[in-house]
Amino acid sequence: RTQKERALLIYLAVEAQRLHQREALAELLWPARPEGMARAPLRQAITGLRRALGETPDSPHFLCVSRAALQIDAQKDLWLDTAAFNAHLRAVQQHTHPAAPGKPGGELCPACTQHLQAAVELYHGDFLDDFCLDDCPEFEEWAMVNREIYFRLQLGALQALVNFFQGLGDYPQALQYAHRQAAMDALREDAQWQLMRLLACSGQRAAALEQYHACRRMLAKELGVKPDVETTRLYEHIRDGWLAGTEPGHLGIIQPLPAFAESHCPSR
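Calculation notes
Residues numbered from 1 in each chain as written. Predicted model: local features only at pLDDT ≥ 70, side-chain atom pairs only at ≥ 80, totals over all residues. Heavy atoms only, no water. Helix = DSSP H or I, 4+ residues; strand = E, 2+ residues; numbered from the N terminus. Buried < 20%, exposed > 50% of the residue type's maximum accessible area, 1.4 Å probe, protein only. Areas by Shrake-Rupley, 256 points an atom, 1.4 Å probe, with all protein chains shown as cover. Pairing = 2+ DSSP bridges. Core = buried A, V, L, I, M, F, W, Y, C linked by side-chain atoms within 4.5 Å. Phe/Tyr/Trp six-rings, centres within 6.5 Å; stacked < 30°, edge-to-face > 60°. Polar contact = N/O pair within 3.5 Å; in protein donor to acceptor, adjacent residues only side chain to side chain. Axes fitted to C-alpha atoms, helices over the stretch in contact; angles between N-to-C directions. Parallel < 35°, antiparallel > 145°, perpendicular 65-115°, else oblique. Left-handed = near helix turned anticlockwise from the far one by under 90°. Contact = heavy atoms within 4.5 Å. Nonpolar A, V, L, I, M, F, W, Y, C, P; charged D, E, K, R; others polar. Patch = residues over 30% accessible without salt bridge, like charges linked within 9 Å, V, L, I, M, F, W, Y side chains within 5 Å. Salt bridge = Lys/Arg side-chain N within 4 Å of Asp/Glu carboxyl O. Expected span 1.5 Å × (residues − 1).

## Some thoughts on the overall build of the protein chain
Piece 1. Across its full length, the protein chain holds 11 helices and three strands.
Piece 2. In the protein chain, which comprises 268 residues, the share counted as buried stands at 41%.
Piece 3. Split by element, the accessible area of the protein chain, about 14,100 Å² in all, is 55% carbon and sulfur.

In structure tokens:
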């Protein structure tokens, strides 16, 4: 019904693993009001939320509400994209692989690859990128922190997938994820470097050269710097025909993912 009710639902769903005191929620969403006065709009928001969820005395309740606190019941029929995303990454973290010489982290297996592919397909944009509460700085800070965490988790998953498919010599699949990685963070030069190399190795020499020029223009415009030496050297190798056609890659090793998926997963 209101933006604050939506914010309350979002916050309770994402932070479903813990109980929330009413005072803290009132301060989060009505920070300009004295504590006693902030409880009234919180009660109204809870009532509106229950109505929107179709809760009645005889129906199952998504919200567990007491006089002091409330929590959303994540065990009910509730699906959340962030929870599903975290679950896929946690499955990868918890799946151990035997170490190999020169590969202390173990190889990324097909089962883990499927989890990573499922995770990255759930990411359709930054966390709450179209939702804002200008008068709630604490809520905005919470959203910003989560936005950065999920952004980095997505980049890490894409990087692992690029490495895996490059190691198999499956350049079309590797390029698919490399393009997405480079588009997410155009100023991340190692992603641009990897994309250039994959394009060259898959026989797309002109596209690889153009990727370098696009990278150079972006760095100059946004940061006022030139590509680093390694990126320029790769460009020269491609330009001069030293790197062309398909060549064997190395089997990718998944990098350690941030601990957020383990400690903050709403469905844990």
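From this point, the narrative continues.
## Looking at the sheet that holds strand E2 (residues 63-65)
Piece 1. The sheet built from three strands is open, its strands ordered E1-E3-E2 with antiparallel pairing. Single-partner strands in this sheet number two, and they are strand E1 (20-21) and E2.
Piece 2. For E2 and strand E3 (residues 69-72), the ladder comprises three bridges, and the chain directions are antiparallel. Bridge pairing links Leu63 to Ile72 in E3.

## Quick word on the nonpolar core
Piece 1. Counting 69 residues, the largest nonpolar core has Leu8, Leu12, Leu25, Leu29, Leu116, Phe139 and Trp142 as the members making the most contacts within it.
Piece 2. Considering each element in turn, this core owes the most residues, 14 residues, to helix H6 (residues 137-168).

## Remarks on the environment of Glu15
Piece 1. Within the element layout of this structure, Glu15 appears in the loop between helix H1 (3-14) and E1.
Piece 2. On a C-alpha basis, the gap between Glu15 and Ala83 in space is 10.0 Å, while along the polypeptide they are 68 residues apart.

## Side note on the packing of aromatic side chains
Piece 1. The full count for this structure, using the stated rule, is nine aromatic pairs.
Piece 2. A ring pair is formed by Tyr11 and Trp142, whose centres lie 4.9 Å apart and whose planes are at 65°; its orientation type is edge-to-face. Residue Tyr11 is found in helix H1, and its partner Trp142 is found in helix H6; the two are separated by 131 residues along the sequence.
Piece 3. On the basis of relative accessible area, Trp142 is assigned to the buried category, the value being 12%.

## Here's the deal with the side chain of Asn146
Piece 1. Mapped onto the elements, Asn146 comes out in helix H6.
Piece 2. For Asn146, the side chain forms a polar contact with the main-chain oxygen of Trp142, separated by 2.9 Å.

## Quick notes on the packing of helix H7 (residues 171-184) against helix H8 (residues 189-201)
Piece 1. Direction vectors running N to C along H7 and H8 enclose 155°, while the axes themselves pass 9 Å from each other. Classified by the interaxial angle, the pair formed by H7 and H8 is roughly antiparallel. Between H7 and H8 lies a crossing of left-handed hand. Of H8, the residues touching H7 (which contributes Tyr171, Ala174, Leu175, Ala178, His179, Gln181 and Ala182) are Ala191, Gln192, Gln194, Leu195, Leu198, Leu199 and Cys201.
Piece 2. Here the residues of the contact of H7 with H8 are counted per class, giving 10 nonpolar, four polar and no charged.

## Considering the environment of Glu55
Piece 1. Along the chain, Glu55 falls in the loop between helix H3 (35-52) and E2.
Piece 2. A polar side-chain atom of Glu55 sits 2.5 Å from the main-chain amide nitrogen of Phe62.
Piece 3. Polar contacts involving the side chain of Glu55 include one to the main-chain amide nitrogen of Leu63, which spans 2.9 Å.

## A look at the pairing of E3
For a regular strand, side-chain orientation follows a simple rule: the groups alternate between the two sheet faces.
Piece 1. Here two bridges tie E1 to E3, and the two strands are oriented antiparallel to one another. The residue bridging His20 from the neighbouring strand is Leu70, located in E3.

## Describing a nonpolar patch on the surface
Piece 1. A cluster of nonpolar side chains, Leu187, Leu223 and Val225, forms an exposed patch at the surface whose accessible area comes to about 240 Å².
Piece 2. Here Val225 lies in the loop between helix H9 (205-222) and helix H10 (229-239).

## A short note on H6
Piece 1. Compared with the 46 Å implied by 1.5 Å per residue over 32 residues, the 47 Å span of H6 between its first and last C-alpha is a close match.
Piece 2. Following H6 by one or two positions, Gly169 adopts a phi angle in the positive range, close to 80°.

## Digging into the packing of helix H4 (residues 81-94) against H6
Piece 1. One can describe the packing of H4 onto H6 by two numbers: an axis separation of 12 Å at closest approach and a directional angle of 45°. Regarding the angle of H4 to H6, the classification is oblique. For the crossing formed where H4 meets H6, the hand is left-handed. Here Thr82, Phe85, Asn86 and Leu89 of H4 come into contact with H6, specifically with Tyr150, Leu153, Gln154 and Ala157.
Piece 2. For the contact of H4 with H6, the residue count by class is five nonpolar, three polar and no charged.

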